[in-house]
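Geometric and topological summary
Read off the chains here:
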Number of protein chains: 2
Amino acid sequence: MQPPEPPGDEFALIARFFSELDQGASVVLGNGDDGAILALADHEQLVVSVDTMVQGVHFPVTAGPSQIAYRAVAAATSDLAAMGARPVAMTLALTLSEANEHWLKDFRLGLASAIEDFSLPLVGGDLTRGDLTLAVQVMGAVPAGMGLSRSGARAGDELWVSGCLGDAAAGLAVVLGELSGPQVSQDSLTKKFWRPQPALALGEALRGQATACIDISDGLLADVAHLARASGVRAEVAAGRVPQSSALRALTDEAQALRWALAGGEDYVLCFTLPPGAPAPDGCFPIGQITAGEGVYCDAEVEVYGYRHF
Amino acid sequence: MQPPEPPGDEFALIARFFSELDQGASVVLGNGDDGAILALADHEQLVVSVDTMVQGVHFPVTAGPSQIAYRAVAAATSDLAAMGARPVAMTLALTLSEANEHWLKDFRLGLASAIEDFSLPLVGGDLTRGDLTLAVQVMGAVPAGMGLSRSGARAGDELWVSGCLGDAAAGLAVVLGELSGPQVSQDSLTKKFWRPQPALALGEALRGQATACIDISDGLLADVAHLARASGVRAEVAAGRVPQSSALRALTDEAQALRWALAGGEDYVLCFTLPPGAPAPDGCFPIGQITAGEGVYCDAEVEVYGYRHF
């Protein structure tokens, strides 16, 4: 008696669409067993983070499968950048309402692209039936004691960001048909939404340099508030110094650009603090100061503070 | 300007219902940052596995929150047992349709109970809105090179299981009102369904002893088929030697008991192979042989081969 393996069952689907994505220097045992086995280097610690994306909440229902896959992995990977971790591996818990071959093929393309871009082999996962949801868990490594956290900012430190803000929110508006303008600007913004680039190299470079670090997922002011709270300090953001892309400015008026830059979220840019006088990291922008006290002060009024799920 | 922290938002919910579950010997940095930091011992490798449970698929819609939480963590933890890993930590990606205080309080009870029972602190998570889904990722550690896998069984090995089979499937039938009998038997079976006990101590003891190991989640014959395929061998299961509990026998006829024991699934008992003549591990039962060839042979006919999601 042979237990059957009908085509289309979960094992066949996993073998067909999720195999051979598990190659990596740290992978001792990849997919296909009860668990994967990963090797860290001596004196390294494990960094772990999980991010969920739900259709209709974190991406529009019209999103393509490869877009969804890439963006979910990028968003999760950004947390490794914020911790200063080198990428080790990821797992994916994928819930989908039906096993559609065309959908899964395209999903794999985006997944494979992110795995390659971020050096993050897929070493485990689970495929279940239900509303389309991706739970991506990322694992990285830092030399013992060298992980970045949100909690080390001190009065006197300067506040920095690693890139332009507001593009992802504007990109989503373009995707939803709520914003339009020159094609080249539209394309630039939608690419920022679909294919954010976690600042992994910068995160590693900031080890031992930055006093605190966080990635911008909820929106600049909301995330700076997290950093300030964790560090027990006050943060002052100079709205005029927050970098905005030319594409964002081409498609919006000044007020909307500022709202998105301060509160749009999902740019997956790093926000970090450096001691006063520290050299400027390449491509980064000083946007404010850390002072004694608590909370976030910004010299501009904005109405939206970042996305809340409940 | 202070970003608001309205009661009921995701951060407040996480602080209220998911805090202080992150204490453990391996936890360097727990919840509340972009990621957690975990320390392994020297010469240890990381074991990682992820399991998703969806309402209506993996548990009935009538399931209580604490039951759901405990069972989801136990099921995921069983994969660590199957790899011979000591538990290190877990993360939880929880999707739920509404933030109900009563529900979350009860959910925390079951979660905390599992965390304590399995020494698996919760070091990260994500809370999103959608259909009730739990993606539990567990992390463990093994001495380098000592992790168990499915792939080492050899012709001549004996096939073992670590406990009675079929109870969880019968317990679910009791929960669904499809099976009844003496209350003490019902209670025993439903407890096996709601609170499976991953064989963590046995898994660690089998390091360097068992040639292959898997946990019974899909059903004995289906999981033995996985083991046989990964090892490139044939497995022969003696149906009459598969242990059945007195509670299962009290509530079912012989044929039904056998069906559930061979194919019911979700018992989270270990199935493993030992070289011929190896001493019997405490509380374990020999149920068959490994021979040259492929597939699974069983000297009884059953109709169901384990749950398939697609």
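Residues numbered from 1 in each chain as written. Chains lettered and ligands numbered in written order. Predicted model: local features only at pLDDT ≥ 70, side-chain atom pairs only at ≥ 80, totals over all residues. Heavy atoms only, no water.

**A few points about the overall build of chain A**
- The secondary structure content of chain A amounts to 9 helices and 12 strands.
- Taking 2.2 N^0.38 as the reference for a compact globule, 310 residues should give roughly 19 Å; the C-alpha atoms of chain A span a radius of gyration of 20 Å, in line with that estimate.
- Seen along its three principal axes, the alpha-carbon backbone of chain A occupies a region of about 75 × 50 × 35 Å.
- Per-residue burial for chain A yields a buried fraction of 60% across its 310 residues.
- Of the roughly 11,500 Å² of accessible surface on chain A, 50% is carried by carbon and sulfur atoms.
- Looking at chain A, you have 18 positive and 37 negative side-chain charges, and the mean spots of the two groups are 4 Å apart. (Helix = DSSP H or I, 4+ residues; strand = E, 2+ residues; numbered from the N terminus. Rg over C-alpha atoms; globule rule 2.2 N^0.38 Å. Buried < 20%, exposed > 50% of the residue type's maximum accessible area, 1.4 Å probe, protein only. Areas by Shrake-Rupley, 256 points an atom, 1.4 Å probe, with all protein chains shown as cover. Lys, Arg positive; Asp, Glu negative; His and termini not counted. Charge placed at Lys NZ, Arg CZ, Asp CG, Glu CD.)

**Thoughts on the packing of helix α4 (residues 167-175) of chain A against helix α5 (residues 183-194) of chain A**
All names here are of chain A.
- The geometry of α4 relative to α5 is characterised by a closest axis approach of 7 Å and an angle of 110 degrees between their N-to-C directions. In terms of axis orientation, α4 runs roughly perpendicular to α5. Between α4 and α5, the contacting residues are D167, A168, A170, G171, L172, V174 and V175 on the first element and Q186, L189, T190, K192, F193 and W194 on the second. (Axes fitted to C-alpha atoms, helices over the stretch in contact; angles between N-to-C directions. Parallel < 35°, antiparallel > 145°, perpendicular 65-115°, else oblique. Contact = heavy atoms within 4.5 Å.)

**Some details on the interface of chain A and chain B**
- Of the residues lining the interface, 78 residues belong to chain A; the matching set on chain B comes to 78 residues.
- With both chains or domains summed, chain A and chain B bury close to 6,400 Å², and 58% of this area falls on carbon and sulfur atoms.
- Connecting chain A to chain B are 4 salt bridges.
- The partner of R150(B) in a salt bridge is D33(A), with the nearest N and O atoms 3.8 Å apart.
- Viewed at the interface, chain B and chain A are joined by 16 residue pairs in polar contact (both at pLDDT 80 or more).
- The element contributing the most residues to the side of chain A that touches chain B is strand β3 (residues 44-54) of chain A, with 9 residues. (Buried area = accessible area lost by both parts, 1.4 Å probe. Salt bridge = Lys/Arg side-chain N within 4 Å of Asp/Glu carboxyl O. Polar contact = N/O pair within 3.5 Å; in protein donor to acceptor, adjacent residues only side chain to side chain.)

**Things to note about the pattern of salt bridges**
- Applying the stated criterion across every chain yields a total of 20 salt bridges over all chains.
- Put simply, K105(B) and E101(B) hold a salt bridge, and the shortest N to O gap is 3.8 Å. Note that K105(B) and E101(B) are positioned in helix α3 (residues 101-118) at a spacing of 4 residues, about one turn of the helix.
- A single network of salt bridges, built from pairs that share partners, joins R16(A), E101(A) and K105(A).

**Considering unusual backbone geometry**
Residue and element names in this part refer to chain B.
- Unlike most non-glycine residues, E20 shows phi in positive territory, near 60 degrees.
- Look at E20 and you get exposed, because its relative accessible area is 65%.
- At Y268, a residue that is not glycine, the phi angle is positive and equals roughly 55 degrees.
- Inspection of the secondary structure assignment puts Y268 in the loop between α9 (254-263) and β10 (270-274).
- For Y268, a relative accessible area of 6% corresponds to the buried category.

**Some words on the sheet that holds strand β4 (residues 86-96) of chain A**
- A sheet is described by the order of its strands in space; here 6 strands give the open sequence β5(A)-β4(A)-β6(A)-β3(A)-β2(B)-β1(B), paired in mixed fashion. Edge positions in the open sheet fall to β5 (122-129) of chain A together with β1 (27-29) of chain B, since each of these has one partner strand only. Sheet twist, expressed as the mean angle between neighbouring strand axes with direction ignored, is 25 degrees.
- The sheet contacts of helix α2 (residues 65-82) of chain A involve β3, β4 and β6 (133-143) of chain A, and relative to β6(A) the element is tilted by about 35 degrees. (Pairing = 2+ DSSP bridges.)

**Considering the sheet that holds strand β4 (residues 86-96) of chain B**
- In space, the 6 strands of this open sheet follow the order β1(A)-β2(A)-β3(B)-β6(B)-β4(B)-β5(B), with mixed pairing throughout. Of all the strands in the sheet, the pair left with one neighbour each is β1 (27-29) of chain A together with β5 (122-129) of chain B. Sheet twist, expressed as the mean angle between neighbouring strand axes with direction ignored, is 25 degrees.
- Here strand β3 (residues 44-54) of chain B runs beside strand β6 (residues 133-143) of chain B; their pairing, made up of 11 bridges, is antiparallel. Considered in β6(B), the bridge of Q45(B) is made with V142(B).
- Together, β4, β5 and β6 of chain B form the strand contacts of α3(B), whose direction differs from that of β4(B) by roughly 165 degrees.

**Observations concerning the domain arrangement of chain A**
Residue and element names in this part refer to chain A.
- Taken domain by domain, chain A holds domain 1 (10-143) and domain 2 (158-298).
- Placing the centre of domain 1 and that of domain 2 at their C-alpha centroids yields a distance of 25 Å.
- For the pairing of domain 1 and domain 2, the buried interface totals around 1,800 Å² over both sides, and the portion due to carbon and sulfur atoms is 62%.
- Inspection of the region where domain 1 meets domain 2 yields 2 salt bridges.
- The partner of R71 in a salt bridge is E266, and the shortest N-O contact between them spans 2.4 Å.
- For the pair domain 1 and domain 2, the number of links is 6 residue pairs in polar contact (both at pLDDT 80 or more).
- Mapped by element, the contributors of at least two residues to the side of domain 1 that touches domain 2 are α2, β4, α3 (101-118) and β6. (Domains from an automatic or database assignment.)

**Considerations on the relation of the copies chain A and chain B**
- Laying chain A over chain B is done by rotating through 180 degrees and shifting 0.0 Å along the axis; what remains is an RMSD of 0.0 Å. Between the two chains, the operation in question is that of a two-fold axis. (Least-squares fit on C-alpha atoms with pLDDT ≥ 70 in both.)

**Description of the pairing of β6(B)**
Residue and element names in this part refer to chain B.
- β6 sits mainly inside the fold: 10 of its 11 residues count as buried.
- Examined bridge by bridge, β4 and β6 share 9 bridges and lie antiparallel to one another. Paired with L94 across the two strands is L134, which belongs to β6.

**Here we look at the packing of aromatic side chains**
Residue and element names in this part refer to chain A.
- A complete count under the given rule lists 10 aromatic pairs over all chains for this structure.
- Cluster of aromatic residues (ring-pair linked, three or more members): F18, W103 and F107.
- The aromatic ring of Y70 is capped on one face by R195, whose charged end is 3.8 Å from the ring centroid. (Phe/Tyr/Trp six-rings, centres within 6.5 Å; stacked < 30°, edge-to-face > 60°. Lys NZ or Arg CZ within 6 Å of the ring centre and 35° of its normal.)

**Notes on the confidence of the model for chain A**
All names here are of chain A.
- On average, residues of chain A score 91 in pLDDT, and 95% of them are at 70 or above.
- Across residues 1-7, where pLDDT falls below 50, the model places 20 contacts with residues more than four positions away in sequence or in other chains.
- Per-residue pLDDT stays below 50 along residues 304-310; that stretch engages in 33 contacts with residues further than four places along the chain or on separate chains. (pLDDT = per-residue confidence, 0-100.)

**Description of helix α1 (residues 10-17) of chain A**
Residue and element names in this part refer to chain A.
- Taken together, the buried positions of α1 are occupied by E10, L13 and F17. Along the axis of α1, the buried positions cluster into a sector of 60 degrees, meaning they face one direction only.
- Elements in contact with the buried residues of α1: α3 and β5. (Arc of directions from axis to C-beta.)

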